[in-house]
Amino acid sequence: MLLTPRMSQLVFNLQPDRRALSVTELTARIRDLLARNFNEVSVEGEVSNCREAQSGHYYFTLKDDKAQIRCVWFKQQMRGIKVRPEDGLKFTVRGAISVYEARGEYQIYVESIEPAGRGALQLAFEQLKKRLEAEGLFEARHKRPLPLLPSRIGLVTSPAGAAVRDVVRILRRRFHNVRLTLFPVRVQGEGAAAEIAKAIRYFNQQQMVDVLILARGGGSLEDLWAFNEEVVARAIFESRIPVISGVGHETDFTIADFVADVRASTPSMAAEIVVNTRAEFDKHIRDLRQALAEQMRYRLLVLSRRVHELSGRSGFRRPLEVLRQQRQRADDLTARLAVGLRRRLEASRRQFTAAHLRIAGFDFRGRIAAFRLRLERRSSELSVKVERLVRVKRERLGRLALQLEERSPLRVLERGYAIATDASGNVLRDAAQVKTGETVAIQLHRGKLISEVKRTEEQS
């Protein structure tokens, strides 16, 4: 069968039109697929490779014994959540699964997180306690001692609770002159921790109390959580005023208890601690008063025995006779003193007379005349010696001058000799020192000749 030209142009394209996807397009499709089907999932697993970025975001891996998935928890999603992921802990995370296109990895964008197997608040408590303890906020060297006599006490608690009534009752009954200042705050619920920290800072700024009491009655971990907040712990640690923590019952422990300077088991016990400080001071005063009384009684007893011993001596039995003997002894000493003074006076008078006679017999004029005669004789002898020495020196000087004149070069020049020098002034001793045509100077006895060398003759 023949095909017409028109029929020969029919071509049936049975192959599908296939176009390759780019990596970005494929990743976007996978992302959209995951976002539609996994926009809210809850996954439980063990945390590993957990790290906190400088931005505050957390990156970690959630795994079990066969698989793992990456997780991202942005800082904006952490509001109101007190626990933080740590390696080795099991958590249940809730969020959406998507793809991080830059690395082509699918991961969970976490919206909330809670520990698996134990309460979130208990874990948050342990994590904060561990972190603050590592920073040194619980160390004993930071604890401030309570004042010995606190007269001004600050109370941070709820004005409607039973804790404030217990504290006021104990302080008024056993410490009636105390000045108590209440800063009313909420002790549970949202914002309570910020109010407690504000109260502590207020008392420190005003410096109006000697000691602070944080008080709250018992309750569950959720009820006491305001005293487990980091902002309260920081405020207690930075306080310059000693802080007593009286929160909950005896079995309750909060972060505030560990940071405070003194921990009381109950609010009532916190008031008792302050009262006991005053009671200890009063007891110390009583002990000192009793010790002072005993010392006084002992001293009186010792002095009484001393007086009794002295009264038994002979001097106290016969005081008049002893007085008479002492008077007689005083008279004897006075007489002996008078005799000794007279003897010393006579000896001094004799020494004065002898000295006066020696001075009167001394001839000052004769001695002065003898000294003058000796001085004149010595002066005459000295003049003769000086004149003789000068004459000898003058004669020697004349001889030396004559010798110098005879040896003078000028005397040699008088006898017809001359001194020849070259242009530089050097004395010529040899004809080889100059050359023909050079100028030489000839020094005569009188005058100098400047001549040119015509010829030199050397003598062998």
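Conventions and cut-offs
Residues numbered from 1 in each chain as written. Predicted model: local features only at pLDDT ≥ 70, side-chain atom pairs only at ≥ 80, totals over all residues. Heavy atoms only, no water. Salt bridge = Lys/Arg side-chain N within 4 Å of Asp/Glu carboxyl O. Helix = DSSP H or I, 4+ residues; strand = E, 2+ residues; numbered from the N terminus. Buried < 20%, exposed > 50% of the residue type's maximum accessible area, 1.4 Å probe, protein only. Axes fitted to C-alpha atoms, helices over the stretch in contact; angles between N-to-C directions. Parallel < 35°, antiparallel > 145°, perpendicular 65-115°, else oblique. Contact = heavy atoms within 4.5 Å. Nonpolar A, V, L, I, M, F, W, Y, C, P; charged D, E, K, R; others polar. 1 Å grid on protein atoms, 1.4 Å probe; cavity = no way out; pocket = protein on both sides within 12 Å on 5 of 7 lines; lining within 4 Å. Points joined across faces, edges and corners; volume = space filled by probe spheres on them. Pairing = 2+ DSSP bridges. Expected span 1.5 Å × (residues − 1).

1. Examining the pattern of salt bridges
Part 1: Tallied over the entire structure, the rule returns 17 salt bridges.
Part 2: In this structure, Arg-94 engages Glu-111 in a salt bridge whose closest nitrogen and oxygen atoms are separated by 3.3 Å. Highlighted residues: Arg-94 in strand E4 (residues 90-100) and Glu-111 in strand E5 (residues 105-115), separated in sequence by 17 residues.
Part 3: The salt bridge involving Glu-230 is made with Arg-131; its shortest N-O contact spans 3.1 Å. Of this pair, Glu-230 sits in helix H6 (residues 230-238) while Arg-131 sits in helix H3 (residues 120-135); the two residues are 99 residues apart in sequence, bridging distant segments of the chain.
Part 4: Look at Arg-131 and you get partly exposed, because its relative accessible area is 39%.
Part 5: Each member of the salt-bridge network shares a partner with another, and the members are Arg-131, Glu-135, Glu-230 and Arg-234.

2. Focus: the packing of helix H5 (residues 192-206) against H6
Part 1: Relative orientation of the contacting elements H5 and H6 amounts to 10°, with a least axis distance of 8 Å. With respect to their mutual orientation, H5 and H6 come out roughly parallel. Where H5 approaches H6, its residues Ala-193, Ala-194, Ile-196, Ala-197, Ile-200 and Arg-201 are matched on the opposing element by Val-231, Val-232, Ala-235, Ile-236 and Glu-238.
Part 2: Split by residue class, the contact of H5 with H6 holds nine nonpolar, no polar and two charged.

3. A closer look at the side chain of Ser-158
Part 1: Following the sequence through the fold, Ser-158 ends up in the loop between strand E6 (152-157) and helix H4 (162-174).
Part 2: Ignoring any residue separated from it by four or fewer positions in sequence, one finds Ser-158 in contact with Val-164, Val-185 and Val-187.

4. Description of the layout of surface pockets
Part 1: Roughly 200 Å³ of internal volume is contained in the second largest pocket.
Part 2: If you trace the second largest pocket, you find it lined by Asn-49, Arg-51, Tyr-59, Phe-60, Thr-61, Arg-70, Cys-71, Val-72, Tyr-100, Arg-103 and Gln-107.
Part 3: Each residue belonging to the lining of the second largest pocket can be placed in one class, and the counts come to five nonpolar, three polar and three charged.

5. Describing the sheet that holds strand E12 (residues 439-443)
Part 1: Judged by pairing direction, the sheet is antiparallel, and its three strands sit side by side in the order E11-E12-E13 without closing on themselves. This sheet does not close on itself; its edge strands, each paired only once, are strand E11 (419-421) and strand E13 (448-452). Taken pair by pair, the neighbouring strands of this sheet meet at an average axis angle of 25°, ignoring direction.
Part 2: Examined bridge by bridge, E11 and E12 share three bridges and lie antiparallel to one another. Bridging from a neighbouring strand, Ala-420 pairs with Ile-442 of E12.

6. Re empty space enclosed by the protein
Part 1: This model, assessed by the stated rule, comprises one cavity of 30 Å³ or more.
Part 2: Considering only enclosed or pocket space, the largest cavity measures out at about 40 Å³ in volume.
Part 3: Taken together, the residues that form the lining of the largest cavity break down as four nonpolar, one polar and three charged.

7. Details of the sheet that holds strand E7 (residues 179-184)
Part 1: Spatially, five strands are ordered E7-E6-E8-E9-E10 in an open sheet, and the strand pairing comes out parallel. Of all strands in the sheet, those with a lone pairing partner are E7 and strand E10 (262-264), marking the two edges. Across the sheet, the axes of successive neighbouring strands diverge by a mean angle of 20°, strand direction being ignored.
Part 2: In terms of strand pairing, E6 meets strand E8 (residues 211-216) through four bridges, oriented parallel. Residue pairing in the sheet places Val-156 in a bridge with Leu-214 of E8.
Part 3: H4 rests against E6, E7 and E8 of the sheet, and its axis sits at about 165° to E6.

8. Structural notes on H5
Part 1: Given a rise of 1.5 Å per residue, 15 residues ought to cover 21 Å, and the 21 Å separating the end C-alpha atoms of H5 matches this to within 8%.
Part 2: At its buried positions, H5 is contacted by E6, E7, E8 and H6.
Part 3: A positive phi of about 50° marks Gln-207, the residue just after H5.

Scope: geometric values only; no functional claims are made or implied.
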